[in-house]
Amino acid sequence: RFQVMPSVFWLGSSDAFLEGLCLAGMGLSLLVLAGISPMPALVLLWFFYLSFLGGGNVFMAFQWDTLLLETGFLAIFLAPGGIRPRLSSEAKPSTLILFLYRLLLFKVIFSSGMVKLLSGDETWRNLTALMFHYETQPLTTWVGWYVHQLPGWFQKFSVLGVFAIQLLVPFLIFAPGRLKWLACFLLSFLQILIMLTGNYCFFNLLTLALCLFLLDDATFKKLIPWFAEISATGVGRKRESQFKQFLVSAVAVIIIFITFTIQLLPLAIRDIDYPNPILSLYEEVRPFRLVNNYGLFAVMTTSRPEIILEGSDDFKTWKEYAFKWKPGDLNRAPGFVAPHQPRLDWQMWFA
């Protein structure tokens with residue numbers, strides 16, 4: 001059962017156990033921020049969140065949850081070892097891990113563009129998708145309301161911009177020099193616009209964090225003056241242990257192979273008949289959420305039917321239950337709630 005659903009909740013599932021694991025996750029996060037035992041703390045954080053994702057079922061079945069797990073797993077190999085590591089004397093980050101982070105960013109962005117084209121949805125093909133998106137998305141913001149009022153030509157131009165950023169810019173992730181900077185700027189620009197017009201939990205913040213892997217220390221020193229002080233002593237005095245190098249290489253081979261064969265190749269070639277060994281490998285890895293599929297809003301929602309829940313104390317007078325964040329009361333402007341996600345509000349949108 002652990003292989004089918006790897007989870008710490010096989011040991012217990014009481015309220016106290018659930019709340020204790022949440023508190024443990026907060027404590028481990030503080031240890032990582034303080035630079036205390038970052039690698040062991042990240043291992044536990046990844047496994048704890050994997051447990052919540054399995055136990056939460058549809059309430060945790062969102063792409064940002066799997067992206068957090070995939071990003072967090074790579075962070076285990078990015079972080080230095082030891083109880084109180086000093087960055088000035090630690091080994092440089094593995095080139096393979098940096099590549100895997102850039103590959104993950106490429107997959108997230110490029111897949112989001114390709115699913116829109118491959119879905120056959122007419123609103124994406126005739127460039128009208130954003131005429132509906134801002135008012136039919138799950139949790140819009142008041143900024144989204146204003147953007148929805150912009151003229152049709154601007155909405156169509158915006159769709160072209162989305163396609164350009166999601167389908168062309170990702171290839172600059174692997175380009176040399178300043179082309180990476182351009183990719184970082186354009187991808188970050190899109191994520192900030194999405195954050196302003198809609199609430200998508202920590203998805204955009206996490207994607208912005210991935211964009212940082214397109215910059216180097218020299219760039220950070222120019223952009224952030226105080227970064228020069230903390231990085232002045234330099235890194236790279238140590239060499240990674242042979243065991244860690246072997247582990248990183250093994251993980252990289254599996255992730256790169258599955259990413260290209262199972263996830264990216266089908267975007268170009270449909271109905272691939274995979275050999276059994278490849279499918280078996282993917283089935284073994286899938287429960288751990290190490291390699292995941294991405295792609296939001298493949299089919300645009302063009303109307304917004306709502307389910308209204310009502311309750312009564314006397315079976316005569318019925319009153320509507322108001323959701324805290326989902327659009328409802330016309331006298332209340334939609335607000336900002338991300339990076340928190342009111343998951344019940346989201347499930348009612350799906351319903």
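Quick summary incoming for the structure in this document.

A separate point is the overall build of the chain. Scanning the chain for helices and strands turns up 15 helices and 2 strands. Computed over the C-alpha atoms, the radius of gyration of the chain is 22 Å, within 12% of the 20 Å expected from 2.2 N^0.38 for a compact globule of 351 residues. Across its three principal directions, the C-alpha atoms of the chain cover 70 × 50 × 50 Å. For the chain, the residues scored as buried account for 42% of the 351 residues in total. Mean positive and mean negative side-chain charge positions of the chain (27 and 23 charges, respectively) differ by 11 Å.

So, about unusual backbone geometry. The amide bond that connects Ala-338 to the next residue, Pro-339, takes the cis arrangement and shows omega of 10°. On the secondary structure map, Pro-339 appears in the loop between strand S2 (318-320) and helix H15 (343-350). Of note in the backbone geometry, Asn-57 takes a positive phi value of approximately 55° without being a glycine. Located in the positive-phi region is Cys-201, a residue other than glycine, with phi close to 50°.

What follows is about the packing of helix H1 (residues 15-34) against helix H2 (residues 38-56). Interaxial distance between H1 and H2 falls to 9 Å at its minimum, and their mutual angle equals 150°. Between H1 and H2, the angle falls in the class roughly antiparallel. Crossing angle aside, the handedness with which H1 passes H2 is left-handed. Every residue of H2 that contacts H1 at Leu-18, Leu-21, Cys-22, Ala-24, Gly-25, Leu-28, Ser-29 and Val-32 is listed here: Pro-38, Ala-41, Leu-42, Leu-44, Leu-45, Phe-48 and Phe-52. Taken together, the residues of the contact of H1 with H2 sort by class into 13 nonpolar, 2 polar and no charged.

Time to look at the environment of Ile-165. Tracing the sequence through the fold places Ile-165 in helix H8 (residues 152-167). Between the C-alpha atom of Ile-165 and that of Ala-183, which follows or precedes it by 18 residues, the distance is 8.6 Å.

Another aspect to go through is the nonpolar core. By size, the foremost hydrophobic cluster in this structure holds 80 residues, and its most contacted members are Trp-64, Leu-67, Leu-105 and Leu-187. Examining the composition of this core, we find that 10 residues originate from one element, helix H4 (residues 95-118), more than from any other. Those residues in contact with Leu-187 that sit more than four places away from it in its chain are Leu-105, Ile-109, Ile-165, Val-169, Ile-173, Cys-211 and Leu-214.

With that out of the way, let us pick up H4. The end-to-end C-alpha separation of H4 is 33 Å, in line with the 34 Å expected for 24 residues at 1.5 Å each. Within H4, 17 of the 24 residues are buried, which leaves it mostly tucked inside the rest of the structure. Positive phi appears at Gly-120, one or two residues downstream of H4, with a value of about 75°.

What follows is about a nonpolar patch on the surface. A surface patch of nonpolar side chains, about 1100 Å² in accessible area, is lined by Trp-142, Trp-145, Tyr-146, Leu-179, Leu-182, Phe-185, Phe-189, Ile-192, Leu-193, Leu-196 and Phe-336. Put simply, the parts of the chain that give the nonpolar patch at least two residues each are helix H7 (142-148) and helix H9 (178-197). When residues of the nonpolar patch are assigned to their parent elements, the largest contribution, 7 residues, is made by H9. Mapped onto the secondary structure, Leu-182 falls in helix H9.

A separate point is the layout of surface pockets. Volume-wise, the second largest pocket comes out at about 730 Å³. Tyr-134, Val-162, Leu-190, Leu-193 and Ile-194 are the residues nearest the centre of the second largest pocket, which is lined by 32 residues in total. At 8 residues, the largest contribution of residues to the lining of the second largest pocket is made by H9.

This part takes up the packing of H9 against helix H10 (residues 203-211). Where H9 meets H10, the axes come as close as 9 Å, and the angle between the chain directions of the two elements is 170°. It follows from the interaxial angle that H9 and H10 lie roughly antiparallel. Mapping the contact onto sequence places Cys-184, Leu-187, Ser-188, Gln-191, Ile-192, Ile-194 and Met-195 in H9 and Asn-204, Leu-205, Thr-207, Leu-208 and Cys-211 in H10. Grouping the constituent residues of the contact of H9 with H10 by class yields 8 nonpolar, 4 polar and no charged.

In this structure the tally under the stated criterion is 1 cavity of 30 Å³ or more. By volume, the largest cavity is sized at about 70 Å³. Lining the largest cavity, in full, are Glu-70, Leu-74, Leu-100, Leu-103, Leu-104, Lys-107, Ile-255, Thr-259 and Leu-290. At the level of elements, helix H3 (63-78), H4 and helix H13 (242-264) are the ones that each hand at least two residues to the lining of the largest cavity. Here the element with the most residues in the lining of the largest cavity is H4; it accounts for 4 residues. Tallied by class, the residues present in the lining of the largest cavity amount to 6 nonpolar, 1 polar and 2 charged.

Reading guide: rules and limits
- Residues numbered from 1 in each chain as written.
- Predicted model: local features only at pLDDT ≥ 70, side-chain atom pairs only at ≥ 80, totals over all residues.
- Heavy atoms only, no water.
- Helix = DSSP H or I, 4+ residues; strand = E, 2+ residues; numbered from the N terminus.
- Rg over C-alpha atoms; globule rule 2.2 N^0.38 Å.
- Buried < 20%, exposed > 50% of the residue type's maximum accessible area, 1.4 Å probe, protein only.
- Lys, Arg positive; Asp, Glu negative; His and termini not counted.
- Charge placed at Lys NZ, Arg CZ, Asp CG, Glu CD.
- Axes fitted to C-alpha atoms, helices over the stretch in contact; angles between N-to-C directions.
- Parallel < 35°, antiparallel > 145°, perpendicular 65-115°, else oblique.
- Left-handed = near helix turned anticlockwise from the far one by under 90°.
- Contact = heavy atoms within 4.5 Å.
- Nonpolar A, V, L, I, M, F, W, Y, C, P; charged D, E, K, R; others polar.
- Core = buried A, V, L, I, M, F, W, Y, C linked by side-chain atoms within 4.5 Å.
- Expected span 1.5 Å × (residues − 1).
- Patch = residues over 30% accessible without salt bridge, like charges linked within 9 Å, V, L, I, M, F, W, Y side chains within 5 Å.
- Areas by Shrake-Rupley, 256 points an atom, 1.4 Å probe, with all protein chains shown as cover.
- Salt bridge = Lys/Arg side-chain N within 4 Å of Asp/Glu carboxyl O.
- 1 Å grid on protein atoms, 1.4 Å probe; cavity = no way out; pocket = protein on both sides within 12 Å on 5 of 7 lines; lining within 4 Å.
- Points joined across faces, edges and corners; volume = space filled by probe spheres on them.

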